[in-house]
Amino acid sequence: GDSVTQMEGPVTLSEEAFLTINCTYTATGYPSLFWYVQYPGEGLQLLLKATKADDKGSNKGFEATYRKETTSFHLEKGSVQVSDSAVYFCALSESGNTGKLIFGQGTTLQVKP
Amino acid sequence: DAGVTQSPTHLIKTRGQQVTLRCSPKSGHDTVSWYQQALGQGPQFIFQYYEEEERQRGNFPDRFSGHQFPNYSSELNVNALLLGDSALYLCASSPGLAEDTQYFGPGTRLTVL
């Protein structure tokens, strides 16, 4: 079945450093891909999405490009802030439009001043 | 524009009891999905409701049931609670079955003692 794999965390960076969180997926069809962010004690917030190959999703300085050839959707940000500290989840919409989102295990980002 | 709301915020139950969690979708959304997020894990899909019917179901036992009301709000019921049911329960809504982007509420933290 469809699945998502994220890089292990935690990722610890200094403020203004460059961020990459790797995400790869397995899917039988052409899913939409998502990044969600979860701040401590809160629910998930949609960060960005891409719906087809070579699409780039972007929001709040974060970007991710849908790479069908490498089945990847890596999250990047050029300069992180302390306020970006959170858990980041990569997800895909299950093939066949089942309404089910399949999530990776999450990657914790810690940004130090 | 009110987002997805959930109640209660926290709940403590004992093994064998039953619990009901509630969700109101984002304005204009008619499709509600429920997810279980164990500590340190990504959310796992429980089921989805549309037009007051369960449309899709994940790999959860029949102890987990739900309901959707004519105003699109939804309930998640869990019977015969087990310690392993302790988790954050997330509700997500979307504007129809064809839309794969889901917006999440803050969650209900259930603790089973």
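How each quantity is defined
- Residues numbered from 1 in each chain as written.
- Chains lettered and ligands numbered in written order.
- Predicted model: local features only at pLDDT ≥ 70, side-chain atom pairs only at ≥ 80, totals over all residues.
- Heavy atoms only, no water.
- Salt bridge = Lys/Arg side-chain N within 4 Å of Asp/Glu carboxyl O.
- Helix = DSSP H or I, 4+ residues; strand = E, 2+ residues; numbered from the N terminus.
- Buried < 20%, exposed > 50% of the residue type's maximum accessible area, 1.4 Å probe, protein only.
- Contact = heavy atoms within 4.5 Å.
- Polar contact = N/O pair within 3.5 Å; in protein donor to acceptor, adjacent residues only side chain to side chain.
- Nonpolar A, V, L, I, M, F, W, Y, C, P; charged D, E, K, R; others polar.
- Pairing = 2+ DSSP bridges.
- Axes fitted to C-alpha atoms, helices over the stretch in contact; angles between N-to-C directions.

Student: Can you tell me about the pattern of salt bridges, naming the residues and giving the values?
Tutor: This structure, assessed with the given rule, holds ten salt bridges over all chains. When the shortest N-O distance is used, the salt bridge between A:K49 and B:D100 registers 3.6 Å. Here A:K49, found in strand β6 (residues 44–50), pairs with B:D100, found in the loop between β9 (87–94) and β10 (103–104), and the two come from separate chains. Assessed through its relative accessible area of 27%, A:K49 is described here as partly exposed. Its salt-bridge partner being B:E75, residue B:R22 comes within 3.4 Å of it at the nearest N-O pair. With a gap of 53 residues between them, B:R22 in strand β3 (residues 19–24) and B:E75 in strand β8 (residues 74–78) connect regions that are remote in the sequence. Under the relative-accessibility criterion, B:R22 is labelled partly exposed at 41%. Judged by relative accessible area, B:E75 falls into the buried class, the value being 18%. Among the ionic contacts, a cluster of salt bridges with common partners joins A:K49, B:E99 and B:D100.

Student: Describe in detail the interface of chain A and chain B, supporting the description with residues and values.
Tutor: Interface size is often expressed as the accessible area that is lost when the parts come together. Taken residue by residue, the interface counts 19 residues in chain A and 22 residues in chain B. One can count two salt bridges joining chain A with chain B. Joining chain A to chain B, the criterion identifies eight residue pairs in polar contact (both at pLDDT 80 or more). Elements that contribute at least two residues to the side of chain A that touches chain B include exactly β5 (33–38), β6, β10 (86–93) and β11 (101–103) of chain A. A breakdown of the residues in the side of chain A that touches chain B according to their chemical character gives seven nonpolar, nine polar and three charged.

Student: How would you explain the sheet that holds strand β8 (residues 62–65) of chain A if you had to name every residue and give the values?
Tutor: Residues and elements named next belong to chain A. The strand order β3-β9-β8-β7 describes an open sheet built from four strands, whose pairing is antiparallel. Of all the strands in the sheet, just β3 (19–21) and β7 (56–59) have a single pairing partner and so form its edges. Going across the sheet, the axis of each strand differs from the next one's by a mean of 15 degrees, ignoring polarity. Bridging between β7 and β8 involves four bridges; their strand directions are antiparallel.

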